[in-house]
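Here is how the chains run, residue by residue.
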Amino acid sequence: MENWSVDQVCSWLRQRNLGELVPKFREEEVSGAALLALNDRMVQQLVKKIGHQAVLMDLINKYQQQKSGLESLTYCCKTASPEFPEVISGKNLKSFFARYKTLQWTSSYALPDFPYDVKCILAEKKCPDHSMRIRIIEFLQADMTKYLEGSLYPNSQQYNIVVNALLQAYPFLDEDGNGFLLWKRALKDRFKYVRRPIEDDEQVLRNKCKFGHRRGQTRKSSFAENKPDDVQVQVEEEPVHLEGSAMDVHIKWLKDEYMKTQRNWKEVDNRMNVTIELRRKMISNKAPLKDILRLFPFLRCPYQLFREFQLLTHMDIYKKTVEILEIYSENILSLYVVRNNPINIMLQENLKRHTEEDILKYMKTTAACLLLPDVFGDDSSLFAAVNEEVKVVTPVLEVKNPFNVNSCEFALYVGREELAQLDDCTMALAALVAAFHVFDIPCPKRIHRTLNFLESLVFEVRSP
């Protein structure tokens, strides 16, 4: 973002539904560097509507917070010896991030940078109303989650640290001396509410079936008894337990609809939702992929693959992938370890042939995506076959002419067979991550560092 031109900033504003700001930003010649240098006073002068001010400042703050995570990694890469894979490979990379988070957590806790509208209320030094209290609690909970390393809940000391930091920064929130207990209770309740959906997580359900419940509870063998209901995808409620004939009707309808050119996507969503129990059982029982796709051919469609991932994880994988590539592409391309990589050399040659901002951005994003395995010292052949034949059975991308806008092709392969055609590298990367989860395929060791890094961003870098 620091190197963006004015045109790139304007394009970014339109993508964030802030198109009304484009004329003013052009007039003031706001580049990427200028955008990141904006403070509250400048934004108030530049943007008239308070709502737009709040959204803009929130987006800038999120970018700066998320960028800080890779800066530490980039510094480690640039100062390391040429044996880069040895420096940040395997457990070293995981422990690097763990140490980074632990140091932040165990040192004196610093409150997150609240969104613009929250900061305005706190600046007035008045007790916030109920809706604003919820906003503050939600933001604190999201910030704490980044330091928990997979724990379900913070411990009592961690709650105390955060609430103390809040009341020390804003003493007027300590309502008649009872504020500490009230804010601590609200924060605990927020964690209980947010963490509740984990009971419906597919992996949790499989563990329950395998090991049984704790404290003497009986085992549950049916995914339907714990069907996820807190999903962003809009679907109509239908009975989950179906007789064999009813299930056959749904499957036949899906197979017939898949052969049509004009499809009823709303009904496809509903019937895919109803039949998820059967799919998950087949996948858990390691049924051949060709049998699963024969019954549920819509899993070949990227939209349905992403939707299935969302049903299982409550995460929009495509949206997350767009955010990841926007934030990290420039940093990846600047790393020493990829400087002489054939992909990067190919990129530099193609950049000289174009001047259009959209094409340049497309090519840089594509290169950053394809270079990810090399950043982490992984086997790139398990990630993408670029202008080559696919040779592995695990999910992998096939990429042809990656920097030719008119003839580039992206496809997802599983079991050496093409699963889906994809529009661009962003969709391809999202589909690759989704395929491992949806089809419950173990990640190969020679690519696990790359996928672990992507998954850590998908599941941990959350908007509050």
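Given the structure is predicted, the values throughout are model-derived calculations rather than measurements.

Draft legend 1. Representation of the pattern of salt bridges within the structure. Following the criterion strictly, the structure yields 14 salt bridges and no others. Where Lys281 meets Glu277, a salt bridge forms, and the shortest distance between an N and an O atom there is 3.3 Å. Within this pair, Lys281 and its partner Glu277 are both found in helix α15 (residues 276-284), separated by four residues, close to a single helical turn. Owing to a relative accessible area of 10%, Glu277 belongs among the buried residues under this scheme. Linking Arg279 and Glu308 is a salt bridge whose minimum nitrogen-to-oxygen distance equals 2.8 Å. Of this pair, Arg279 sits in helix α15 while Glu308 is found in helix α17 (residues 302-313), placing the two residues 29 residues apart along the sequence.

Draft legend 2. Region of the structure containing the packing of helix α9 (residues 130-145) against helix α10 (residues 156-169). In the contact formed by α9 and α10, the axes pass within 12 Å of each other and the chain directions differ by 130 degrees. By the criterion of interaxial angle, the relationship of α9 to α10 is oblique. Crossing angle aside, the handedness with which α9 passes α10 is right-handed. Contacts from Ile136, Leu140 and Met144 of α9 reach α10 at Gln158, Tyr159, Val162 and Leu166. Here the residues of the contact of α9 with α10 sort into six nonpolar, one polar and no charged.

Draft legend 3. Focus on the sheet that holds strand β1 (residues 384-386). Pairing is mixed in the open sheet, where four strands are placed in the order β1-β2-β3-β4. Edge positions in the open sheet fall to β1 and β4 (417-422), since each of these has one partner strand only. Averaged over neighbouring strand pairs, the angle between their axes works out to 25 degrees when direction is ignored.

Draft legend 4. Summary view of the environment of Ala165. Structurally, Ala165 is set in helix α10. As a C-alpha pair, Ala165 and Leu111 span 54 residues in sequence and 6.8 Å in three-dimensional space. Residues within four places of Ala165 in sequence aside, it is in contact with Tyr109 and Leu111.

Draft legend 5. Spatial organisation of helix α1 (residues 6-15). Considered for burial, the residues of α1 that qualify are Gln8, Val9, Cys10, Trp12 and Leu13. Positive phi shows up at Asn17, right after α1, with a value of about 60 degrees.

Draft legend 6. Geometry of the packing of helix α20 (residues 357-375) against helix α21 (residues 425-438). Where α20 meets α21, the closest approach of the two axes is 9 Å, and the angle between their N-to-C directions is 30 degrees. Comparing the axis directions of α20 and α21 gives the class roughly parallel. Contacts between α20 and α21 involve Thr365, Thr366, Cys369 and Leu372 on the former and, on the latter, Cys425, Thr426 and Leu429. When its residues are assigned to classes, the contact of α20 with α21 shows four nonpolar, three polar and no charged.

Draft legend 7. Examining unusual backbone geometry more closely. At His314, a residue that is not glycine, the phi angle is positive and equals roughly 65 degrees. Along the chain, His314 turns up in the loop between α17 and α18 (317-334). Look at Asn387: it is not a glycine, yet its phi comes out positive at around 55 degrees. For Asn387, the location among the structural elements is in the loop between β1 and β2 (396-400).

Draft legend 8. Highlighting the side chain of Arg271. Its place among the elements puts Arg271 in helix α14 (residues 265-274). Not counting residues up to four positions away in its chain, the partners in contact with Arg271 are Val249, His250, Trp253 and Leu254.

Draft legend 9. Broad picture of the confidence of the model for the protein. The predicted model of the protein averages 77 in pLDDT, with 76% of residues at 70 or higher. Confidence drops under a pLDDT of 50 for residues 78-91, and excluding neighbours within four residues, the segment shows 22 contacts in the predicted structure. A low-confidence stretch, residues 196-203 (pLDDT under 50), is modelled with 17 contacts involving residues beyond four sequence positions or located in other chains.

Draft legend 10. Focus on the pairing of β2. The element β2 is largely enclosed, with a buried count of four among its five residues. In the sheet, β1 pairs with β2 via three bridges, with the strands oriented parallel. When the sheet's bridge partners are listed, Ala385 is paired in β2 with Glu398. One ladder, built from five bridges, connects β2 with strand β3 (residues 409-414); its direction is antiparallel.

Draft legend 11. Fine view of the packing of aromatic side chains. Applying the stated criterion across every chain yields a total of nine aromatic pairs. A ring pair is formed by Trp265 and Phe298, whose centres lie 5.5 Å apart and whose planes are at 75 degrees; its orientation type is edge-to-face. In this pair, Trp265 sits in helix α14 while Phe298 sits in the loop between α16 (289-295) and α17, placing the two residues 33 residues apart along the sequence. Look at Trp265 and you get partly exposed, because its relative accessible area is 35%. Taking relative accessible area as the criterion, Phe298 reaches 0% and is therefore assigned buried.

About the cut-offs
All chains use their own residue numbering, which begins from 1 and follows the written sequence. Where local features are concerned, this predicted model is filtered to residues with pLDDT of at least 70; where side-chain atom pairs are given and counted, the filter is 80 or more; whole-chain, interface and lining totals use all residues. The basis for every side-chain value is the complete set of non-hydrogen atoms in the structure, without hydrogens or water. In what follows, salt bridge is the name for a side-chain nitrogen of Lys or Arg lying within 4 Å of a carboxyl oxygen of Asp or Glu. Each helix is a run of H or I in the DSSP string that is no shorter than four residues. Each strand is a run of E no shorter than two, and both are numbered from the N terminus. Here the term buried applies to any residue with accessible area under 20% of the maximum for its type, exposed to any over 50%, and partly exposed to those in between, with areas from a 1.4 Å probe on protein chains only. Interaxial angle, 0 to 180 degrees, is taken between N-to-C directions of lines fitted to C-alpha atoms, where a helix line uses only the stretch in contact. An angle below 35 degrees is read as roughly parallel, one above 145 as roughly antiparallel, one from 65 to 115 as roughly perpendicular, and any other as oblique. Whether a crossing is left-handed or right-handed is set by the direction in which the near helix is turned from the far one by less than a right angle, anticlockwise for left-handed and clockwise for right-handed. Should any heavy atoms of two residues lie within 4.5 Å, those residues are counted as being in contact. Charged residues are taken to be Asp, Glu, Lys and Arg, nonpolar residues to be Ala, Val, Leu, Ile, Met, Phe, Trp, Tyr, Cys and Pro, and polar residues to be all remaining types, Gly included. Two strands form a pair only when DSSP identifies at least two bridges running between them. pLDDT: the predictor's confidence for each residue, scored from 0 to 100. The criterion for an aromatic pair is that two Phe, Tyr or Trp rings (for Trp, the six-membered ring) have centres within 6.5 Å, with stacked assigned to planes under 30 degrees apart, edge-to-face to planes over 60 apart and tilted to the rest.

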